[in-house]
Amino acid sequence: MRKQWIALLALAAAACSGGAAGTSAEDLKGQTVEVVGPWTGDEQKNFEKVLQAFTTKTGAEVKYTPAGDELPTVLQTRISGGTPPNVALIAQPGLVAQFARANALKPVSGEVEKAVTEHNAAVWKQLGSVDGKLYGFTFKTANKSAFWYSEKAFKQVGATPPATWDDLIKTSKAISETGLAAVSVGGADGWTLTDWFENVYLRTAGPDNYDKLAKHEIPWTDPSVRKALEELAKLWGDPTLVDGGALQTEFPKSVINVFGEPATAAMVFEADFVASVITTNTKAKVGQDAKFFPFPSVAGSKDAVVAGGDMAVQFKDDKATTELMKFLASPESGEIWAGLGGFLSPNKDIPESAYPDDVTQDLAKRIVDAGDNVRFDMSDLAPAAFGGTKGAGEWKDLQDFLADPKNVDGIMARLEANAAKAYGK
């Protein structure tokens with residue numbers, strides 16, 4: 001009976017990944033694969049359940065090493081020391097490109113590339129490609145195009161989720177007249193402000209210009225940047241709409257300001273992981289008291305999503321490593337974590353029903369439905385000196401813009417100067 005069950009598992013996995021045959025539990029017995037990833041706590045436990053399914057399926061043992069925020073440094077050190085892991089999950093595509101060009105990574109196998117092509121929109125394959133070769137794929141993603149709102153605050157003014165930026169401003173003004181701030185902004189964390197800018201810019205400038213600005217092929221003094229900053233200033237520049245002390249408010253507090261007691265604001269913009277902050281820190285129920293709407297259309301823009309994510313890459317190309325990459329590229333692996341919560345995937349063949357609630361299903365569906373209008377977080381694509389350093393570069397420049405939204409020209413000049421320095425052009 002046990003052999004029949006294993007055989008069925010193998011056949012199911014082959015069907016999911018598009019492969020011709022599965023790997024039985026005897027094939028990789030005695031082999032060990034090490035995976036380094038960013039996840040700790042509950043996320044680590046959930047990912048380890050995914051890895052346990054791989055062990056059950058193939059016989060290979062998997063050792064998971066959590067590296068947290070230090071993952072880039074951990075990987076750099078281990079590569080330099082000649083002891084890289086088999087597989088890593090990396091949140092910065094720029095770091096993946098750096099490792100690929102240093103010949104530290106192995107291109108994925110033909111079977112893995114086939115699975116990535118079949119199960120994802122083309123934009124995700126482009127994201128994992130370096131100089132024409134595919135080195136990785138996004139296993140876990142984040143939908144960074146969500147506004148979370150208090151159902152109670154919206155009901156008080158008879159508001160419905162705004163579909164356009166102009167409607168958002170109108171709704172915000174109606175809410176502010178009740179004595180509640182419209183929006184809580186976590187401006188103490190500069191990365192939240194880059195997410196604001198990226199969402200507005202993607203909608204006002206379009207995906208092609210977004211790609212160009214991400215590579216610094218157009219300057220930050222371009223008229224398209226001005227347009228996005230001017231739109232942001234319509235909201236950030238009205239002190240009656242933004243909760244006080246935004247520059248001193250860290251991201252978790254910006255969420256608590258909306259859904260804790262007493263609430264000081266009606267909305268907070270950020271990714272799907274807002275839901276876990278609500279659940280952990282407030283009594284509000286996600287899907288009932290706390291709901292979300294997609295980032296509004298700006299100037300008639302098409303639906304688009306800014307996403308973050310963790311890309312699976314391989315430093316070795318032995319059979320066990322390649323089989324694990326095949327497994328992670330399949331809908332089967334994502335479906336396991338999806339059912340546990342706290343997970344989204346760009347894999348379009350993970351059924352919606354695999355996600356545990358209506359809110360998560362909606363967030364996941366919007367990433368898949370956006371197709372090639374998904375764009376990866378621009379600050380994660382930029383050199384860290386510009387897009388990922390506290391108190392410097394884009395983070396600091398946008399904090400200064402939040403403090404003085406009238407200074408569009410000055411901020412554009414500083415963004416360009418800092419970008420030119422970081423990109424070396």
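Predicted model, so just to flag it, every value in this text is computed and none were measured.

Participant: Can you help me understand the sheet that holds strand β7 (residues 146-150) in this one?
Facilitator: Read across the open sheet, the four strands follow the order β8-β9-β7-β10; overall the sheet is mixed. What marks the edges here is a single partner per strand, and that holds for β8 (181-184) and β10 (290-294). Ignoring strand direction, the axes of neighbouring strands in this sheet form an average angle of 25°. Sheet topology note: the β7/strand β9 (residues 265-269) ladder contains three bridges and is antiparallel. Directly across from Tyr-149, in β9, lies its bridge partner Met-267.

Participant: For this particular structure, what's the right way to read the nonpolar core?
Facilitator: One broad rule of soluble globular proteins: the nonpolar side chains tend to lie buried together. Within the largest apolar cluster, 81 residues are counted, with the highest numbers of intra-cluster contacts made by Phe-47, Ile-90, Trp-124, Phe-137, Phe-139, Trp-148 and Phe-259. The dominant element in this core, judged by the number of residues it contributes, is helix α13 (residues 319-329), at six residues. Here this core spans two domains, since at least three of its residues come from each of domain 1 (31-143 + 306-375) and domain 2 (146-303 + 384-424). Discounting residues that sit within four places of it in the chain, Trp-124 has contacts with Thr-138, Thr-141, Ala-307, Pro-346, Ile-367, Val-374 and Phe-376. Within the second largest apolar cluster, 54 residues are counted, among which are Phe-154, Leu-213, Phe-269 and Tyr-423.

Participant: Before we go on, may I ask you to explain the pattern of salt bridges in this structure?
Facilitator: Pairing of side chains with opposite charge becomes possible as their charged atoms draw close. Scanning all chains against the criterion turns up 20 salt bridges. Between Glu-332 and Lys-57 there is a salt bridge; the shortest N-O distance is 3.6 Å. With Glu-332 in helix α14 (residues 331-340) and Lys-57 in helix α2 (residues 41-58), the pair connects residues that are 275 residues apart, well separated along the chain. The shortest N-O distance in the salt bridge between Asp-400 and Lys-396 comes to 2.9 Å. One end of the pair is Asp-400 and the other is Lys-396, both in helix α18 (residues 393-403) and four residues apart, which spans about a single turn. Looking at Lys-396, the relative accessible area reads 32%, which means it is partly exposed. Here the salt bridges share partners, and the residues they tie into one network are Lys-396, Asp-397, Asp-400 and Arg-414.

Participant: Could you clarify how one ought to interpret the domain arrangement of the protein in this entry?
Facilitator: Accessible area lost upon the coming together of the parts is a frequently used measure of interface size. Domain annotation of the protein identifies domain 1 (31-143 + 306-375) and domain 2 (146-303 + 384-424). With centres defined by C-alpha atoms, the gap from domain 1 to domain 2 works out at 28 Å. Of the residues lining the interface, eleven residues belong to domain 1; the matching set on domain 2 comes to 16 residues. Summed over both partners, the interface of domain 1 with domain 2 comes to about 1,300 Å²; 64% of that surface belongs to carbon and sulfur atoms. Residue Asp-211 pairs with Arg-375 through a salt bridge whose shortest N-O separation is 2.8 Å. Counting across the domain 1 and domain 2 interface gives two residue pairs in polar contact (both at pLDDT 80 or more). Of all elements in the fold, only β6 (136-143) and α15 (358-370) reach the threshold of two or more residues within the side of domain 1 that touches domain 2.

Participant: Even after reading the chapter, I still don't get α2, so can you show me in this structure?
Facilitator: Since one α-helical turn is 3.6 residues long, residues separated by three or four positions face the same way. If you check α2, its first and last C-alpha atoms are 26 Å apart, about what 18 residues at 1.5 Å a residue would give, namely 26 Å. In the stretch just after α2, Gly-59 is the one whose phi turns positive, near 90°.

Participant: How should the packing of α13 against α14 be read in this particular structure?
Facilitator: Each pair of packed helices can be summarised by the angle the axes make with each other and by the distance between the axes. Relative to each other, α13 and α14 sit at 60°, their axes nearing to 4 Å. When the interaxial angle is binned, α13 and α14 end up oblique. When α13 is examined against α14, the residues Phe-327, Leu-328 and Ala-329 are found in contact with a partner set consisting of Pro-331, Glu-332, Ser-333 and Ile-336. Per-class residue counts for the contact of α13 with α14 are five nonpolar, one polar and one charged.

About the thresholds
- Residues numbered from 1 in each chain as written.
- Predicted model: local features only at pLDDT ≥ 70, side-chain atom pairs only at ≥ 80, totals over all residues.
- Heavy atoms only, no water.
- Pairing = 2+ DSSP bridges.
- Helix = DSSP H or I, 4+ residues; strand = E, 2+ residues; numbered from the N terminus.
- Axes fitted to C-alpha atoms, helices over the stretch in contact; angles between N-to-C directions.
- Core = buried A, V, L, I, M, F, W, Y, C linked by side-chain atoms within 4.5 Å.
- Buried < 20%, exposed > 50% of the residue type's maximum accessible area, 1.4 Å probe, protein only.
- Domains from an automatic or database assignment.
- Contact = heavy atoms within 4.5 Å.
- Salt bridge = Lys/Arg side-chain N within 4 Å of Asp/Glu carboxyl O.
- Buried area = accessible area lost by both parts, 1.4 Å probe.
- Polar contact = N/O pair within 3.5 Å; in protein donor to acceptor, adjacent residues only side chain to side chain.
- Expected span 1.5 Å × (residues − 1).
- Parallel < 35°, antiparallel > 145°, perpendicular 65-115°, else oblique.
- Nonpolar A, V, L, I, M, F, W, Y, C, P; charged D, E, K, R; others polar.

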